[in-house]
Amino acid sequence: MEHKNIYILAIESSCDDTSAAVLQNNKKLSNIVATQKIHEEYGGVVPELASRAHQQNIVPVVHQALAKANIDKKQLSAIAFTRGPGLMGSLLVGTSFAKSLALGLDIPLIEVNHMQAHILAHFIDEENNQKPEFPFLALTISGGHTQIVLVKDYFDLEILGETLDDAVGEAFDKSAKILGLPYPGGPLVDKYAQLGNPKAFPFPKPKVKDLNFSFSGLKTSILYFIQNQVKENPNFIEENLNDICASIQYTIIDILMSKLKKAAKQTGIKQIAIGGGVSANSGIRKALKDAETKYGWNTYVPKFEYCTDNAAMIGIVGYLKYLEGNFSDQSITAKARYVI
Ligand code: KG4
Ligand code: ZN
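Described in the following lines is the structure provided in the data block. (Residues numbered from 1 in each chain as written. Chains lettered and ligands numbered in written order. Predicted model: local features only at pLDDT ≥ 70, side-chain atom pairs only at ≥ 80, totals over all residues. Heavy atoms only, no water.)

1. Remarks on the site of ligand 1
As a matter of local geometry, ligand 1 sits amid 19 residues, with G143, D173, D190, G277 and N281 nearest to it. Within the contact set of ligand 1, an oxygen atom lies 3.3 Å away from a backbone nitrogen or oxygen of G169. One of the side-chain nitrogen or oxygen atoms of D190 is found 2.9 Å away from a nitrogen atom of ligand 1. Out of a free accessible area of 560 Å², ligand 1 has 89% covered by protein chains. Of all the secondary-structure elements, those providing two or more residues to the shell around ligand 1 are α3 (114–120), α4 (168–178) and α5 (186–193). Classifying every residue of the shell around ligand 1 by side-chain character gives five nonpolar, eleven polar and three charged. (Near = heavy atom within 4 Å. Polar contact = N/O pair within 3.5 Å; in protein donor to acceptor, adjacent residues only side chain to side chain. Areas by Shrake-Rupley, 256 points an atom, 1.4 Å probe, with all protein chains shown as cover. Helix = DSSP H or I, 4+ residues; strand = E, 2+ residues; numbered from the N terminus. Nonpolar A, V, L, I, M, F, W, Y, C, P; charged D, E, K, R; others polar.)

Printed below as a string of structure tokens:
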């Protein structure tokens, strides 16, 4: 019997990236991302502007995704979309668009949890990519979230720990802002960190119970440290930028790795996967590679394209749900707070 190909159109609009992707089964045919530049001048995402930009971008982005995949919308098997978590105004654009298109084409609609998608992005079929084996631990690190998740199966996930305040991406971005770097500052901190001494300026690490995280205290201590130093030497930041960034990055990675080690010890699981925008960070990637030899872990880092927000990761969850016949109906609504 010939196996029928499944084509999923996926839509992601939870924050400030409008993205559409087409998957043929578990393979990506296209993955278009329109990043909204407007927020740079405000030093952070402005929800109302994000929502308006999604409104402008969504039709051209979907057209591009279909064209690049060389797929006509009549060939689509289902529409998958990000239901949450995220900014309500942003989620509403993708949700409404997906609902209308599924209704118009008379095909199934599939809701997807964004955080689950960051984890299941590892199952997009790519040449030479090793997929994690169940059970594994997933560290999801993004601008909105920091979680350690026990993944027993595709749809059997348990949060073991999470941030009590800022997400790790925010810790990077807010530190960068203190240093006068533009938004989003995470990638810039990473860039300068690679040229600096990670032990130059020691920052205190928070004492948080269990497998939870906290980053707001670190942000405050960086702020006071910089304010005090600048009082003494107005050129302190310019003269020490690489060392400051390296020290901040070192502290953040140390916090993440010590909780990950604790989780691995507690569960006895040595399969470790990361996901989310911050997994693009060179420091966390190196720390994970080192942990392979040091602790005998198998680590999984997604392709850069699947680290930051993208619709292909929504598409893979859509495909897996399609196989289970797990569809949503037209009464579904966006959910700003949506626990996996
Ligand atoms: O997953 P993502 O694209 O969006 C959210 O769902 O939040 O993550 C964006 C976050 C931003 O905070 C950005 O600064 C951070 O990921 N980020 C990085 C790096 N690349 C992106 N942080 C540190 N180092 C990087 N190389
Ligand atoms: Zn994300």
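2. Things to note about the packing of aromatic side chains
As enumerated under the stated definition, the model contains twelve aromatic pairs in all. Summarising the aromatic geometry, the rings of F225 and F236 are spaced 5.8 Å apart at their centres and angled 75 degrees between planes, so their arrangement reads as edge-to-face. Of the two residues, F225 is situated in helix α6 (residues 216–232) and F236 in helix α7 (residues 236–267); the sequence distance between them amounts to eleven residues. Relative accessible area serves as the criterion here: at 6%, F236 is assigned to the buried category. The structure contains a cluster of three or more aromatic residues connected by ring pairs, namely F123, F134, F136 and Y154. For R83, the ring lying beneath its charged end belongs to Y338, and the centroid distance is 5.3 Å. (Phe/Tyr/Trp six-rings, centres within 6.5 Å; stacked < 30°, edge-to-face > 60°. Buried < 20%, exposed > 50% of the residue type's maximum accessible area, 1.4 Å probe, protein only. Lys NZ or Arg CZ within 6 Å of the ring centre and 35° of its normal.)

3. Some points on the sheet that holds strand β6 (residues 136–141)
If you walk across this open sheet you meet the five strands as β8-β7-β6-β9-β10, and the pairing is mixed. With one partner strand each, in any of the chains shown, β8 (156–162) and β10 (298–300) form the two edges of the open sheet. Direction aside, neighbouring strands of the sheet carry axes that sit 25 degrees apart on average. As paired elements, strand β9 (residues 271–275) and β10 share three bridges and run parallel to each other. Looking at β10, one finds that I272 is bridged to T299. (Pairing = 2+ DSSP bridges. Axes fitted to C-alpha atoms, helices over the stretch in contact; angles between N-to-C directions.)

4. A word on the coordination of the zinc ion (ligand 2)
Within the protein, the zinc ion (ligand 2) binds to H114 (NE2), H118 (NE2) and D309 (OD); these donor distances fall in the range 2.0 to 2.2 Å. What the four donor atoms of the zinc ion (ligand 2) show is an angle range of 91 to 152 degrees at the metal, which sorts the shape as irregular. Written as a sequence motif, the donor arrangement for the zinc ion (ligand 2) is H-x3-H-x190-D. Of the two residues, H118 is situated in helix α3 and D309 in the loop between α9 (304–307) and α10 (312–324); the sequence distance between them amounts to 191 residues. Overall, the relative accessible area of 16% leaves D309 in the buried class. (Donors = N, O, S within 2.8 Å, 3.2 Å for Na, K, Ca; no water. Tetrahedral: all angles 85-135°; square planar, octahedral: opposite > 155°, others 65-115°.)

5. Focus: the pattern of salt bridges
In the structure shown here, the tally under the stated rule is 17 salt bridges. Residue E111 pairs with R83 through a salt bridge whose shortest N-O separation is 3.9 Å. Here E111 is found in strand β5 (residues 109–113), whereas its partner R83 is found in strand β4 (residues 78–84), with 28 residues between them in sequence. Among the residues examined, R83 registers a relative accessible area of 16% and is labelled buried. With its nearest N and O atoms 3.4 Å apart, the salt bridge here joins K321 to E111. Of this pair, K321 sits in helix α10 while E111 sits in strand β5; the two residues are 210 residues apart in sequence, bridging distant segments of the chain. The same class applies to K321 and to E111, which are both buried. Put simply, K28, E126, K303 and E305 are held in one network by salt bridges that share partners. (Salt bridge = Lys/Arg side-chain N within 4 Å of Asp/Glu carboxyl O.)

6. Concerning the layout of surface pockets
For the second largest pocket, the calculated volume is near 510 Å³. In terms of lining residues, the second largest pocket is bounded by 20 residues, among which Y250, I253, G283, K286 and A287 are the most central. Of all the secondary-structure elements, those providing two or more residues to the lining of the second largest pocket are α7 and α8 (282–295). Here the lining of the second largest pocket is built from residues that sort into nine nonpolar, six polar and five charged. (1 Å grid on protein atoms, 1.4 Å probe; cavity = no way out; pocket = protein on both sides within 12 Å on 5 of 7 lines; lining within 4 Å. Points joined across faces, edges and corners; volume = space filled by probe spheres on them.)

7. Considering the pairing of strand β3 (residues 27–35)
Direction of pairing for strand β2 (residues 17–24) relative to β3: antiparallel, over a ladder of eight bridges. Counted as the bridge partner of A21 is N31 from β3. Connecting β2 to the next strand, β3, in antiparallel fashion are two residues, including N25 with a positive phi near 55 degrees.

8. Examining the packing of α4 against α7
Packing of α4 against α7 brings their axes to within 11 Å, and their N-to-C directions diverge by 165 degrees. The pairing of α4 with α7 is recorded here as roughly antiparallel in orientation. When you trace α4 past α7, the crossing you get is right-handed. Of the residues in α7, those touching α4 at V168, A171, F172, S175 and I178 are I237, I248, Q249, I252 and L256. Each residue belonging to the contact of α4 with α7 can be placed in one class, and the counts come to eight nonpolar, two polar and no charged. (Parallel < 35°, antiparallel > 145°, perpendicular 65-115°, else oblique. Left-handed = near helix turned anticlockwise from the far one by under 90°. Contact = heavy atoms within 4.5 Å.)

9. A look at the sheet that holds β2
The strand order across the open sheet formed by five strands is β3-β2-β1-β4-β5, and the pairing between neighbours is mixed. In this open sheet, the two strands that pair with only one neighbour each are β3 and β5. Strand-to-strand, the axes of this sheet are offset by a mean angle of 20 degrees, without reference to chain direction. The strands that helix α2 (residues 88–105) touches are β1 (7–12), β4 and β5; relative to β4, the one it contacts most, it runs at about 160 degrees.

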